[in-house]
Amino acid sequence: VPSDFQKMIDEHTKEGLSFENEKEYMQLASDEVLLEYIKKLKPYVEEYFKDDYTGHDLGHLKRTLNNALYICEKEGGDPVVVAVSAYLHDIHRIMQNEEGKFVSPKESLPKVREFLMVLDLTEEQKDKICFCIEHHELYNWNDNNISDLDALEQELKKYFDLPVSILNDADA
């Protein structure tokens, strides 16, 4: 039996969301500033992701964005940080395709900051967005070979930062 969350996702994605209508695309966002930020990023994101063939394409970004906003609405958090980080979270995937080798989310942060230059964000917001993107793929601490409790505690704090957790869950 699908959960209420899964039913909502299915409902919003079964017909596909269009980039033609930002209001539909951001169906869960009520903040006009947030909508304006996505509109400003849209041409850059579309150009950058246009040739993706890995499944981390524009459709994936739309689903992640809508999932993230839904979770943010239910759990709290800064919708600007959550939405912008969701929209830009897979820049490292395109870099991997271009470079032909693994690129971590952390290595994509200079490119992320280039995208952020078109938005009127505070440095704190930019830092939080980059933090979310850098840590959104923390899924399993056991593989990190963490040997001491202090290091484990630091890793857990990263994972349980609310916007990071929202992006992590939305990116499923």
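For the structure itself, look to the data block above.
1. Observations regarding the overall build of the protein
Piece 1. In terms of regular secondary structure, the protein is built from 10 helices and 0 strands.
Piece 2. Traced from its N-terminal end to its C-terminal end, the protein shows the element sequence α-α-α-α-α-α-α-α-α-α.
Piece 3. Within the span of the protein, comprising 172 residues, buried residues form 45% of the whole.
Piece 4. When contacts within the protein are restricted to residue pairs at least 6 apart in sequence, long-range pairs at least 24 apart make up 65% of them.

2. Observations concerning helix α4 (residues 58–75)
Piece 1. With 18 residues, α4 should cover 26 Å at 1.5 Å per step; its first-to-last C-alpha distance of 25 Å lies within 8% of that length.
Piece 2. Burial analysis of α4 places 13 of its 18 residues in the buried class, which makes it a mostly covered element.
Piece 3. Remark: G76 follows α4 within two positions and exhibits a positive phi of approximately 100°.

3. Some remarks on the nonpolar core
Piece 1. Core analysis: the biggest nonpolar cluster contains 40 residues, and V45, L88 and L116 have the highest contact counts within it.
Piece 2. Elements represented by at least two residues in this core include exactly α3 (32–49), α4, α5 (79–88), α6 (91–99), α7 (109–116), α8 (123–135) and α10 (162–170).

4. Considerations on the pattern of salt bridges
Piece 1. Inspection of the entire model under this criterion finds 7 salt bridges.
Piece 2. The salt bridge partner of K50 is E47, with a shortest N-O separation of 2.9 Å.
Piece 3. Taking relative accessible area as the criterion, K50 reaches 49% and is therefore assigned partly exposed.
Piece 4. A salt bridge links R93 to D90; the nearest nitrogen and oxygen atoms lie 3.6 Å apart.
Piece 5. When its relative accessible area of 21% is taken as the criterion, R93 is described as partly exposed.
Piece 6. In this structure D90 comes out as buried when scored by relative accessible area, which is 0%.

5. Observations concerning the state of the cysteines
Piece 1. In total, this model carries 0 disulfides according to the counting rule given.
Piece 2. The cysteine C130 is free of any disulfide, with C132 supplying the nearest cysteine sulfur at 9.3 Å.
Piece 3. Residue C130 is classed as buried on the basis of its relative accessible area of 3%.

6. Thoughts on the packing of α3 against α4
Packed helices, taken two at a time, are described by the angle between their axes plus the distance between the axes.
Piece 1. Their axes nearest at 11 Å, the elements α3 and α4 cross at an angle of 155°. For the element pair α3 / α4, the angle class is roughly antiparallel. By crossing handedness, the relation of α3 to α4 is classed as right-handed. Residues L34, I38, V45, E46 and F49 of α3 form the contact with α4, whose own contacting residues are L58, L61, L65 and L69.

About the criteria used
- Residues numbered from 1 in each chain as written.
- Predicted model: local features only at pLDDT ≥ 70, side-chain atom pairs only at ≥ 80, totals over all residues.
- Heavy atoms only, no water.
- Helix = DSSP H or I, 4+ residues; strand = E, 2+ residues; numbered from the N terminus.
- Buried < 20%, exposed > 50% of the residue type's maximum accessible area, 1.4 Å probe, protein only.
- Contact = heavy atoms within 4.5 Å.
- Expected span 1.5 Å × (residues − 1).
- Core = buried A, V, L, I, M, F, W, Y, C linked by side-chain atoms within 4.5 Å.
- Salt bridge = Lys/Arg side-chain N within 4 Å of Asp/Glu carboxyl O.
- Disulfide = S-S within 2.5 Å.
- Axes fitted to C-alpha atoms, helices over the stretch in contact; angles between N-to-C directions.
- Parallel < 35°, antiparallel > 145°, perpendicular 65-115°, else oblique.
- Left-handed = near helix turned anticlockwise from the far one by under 90°.

Shape is all these values report; function is a separate question.
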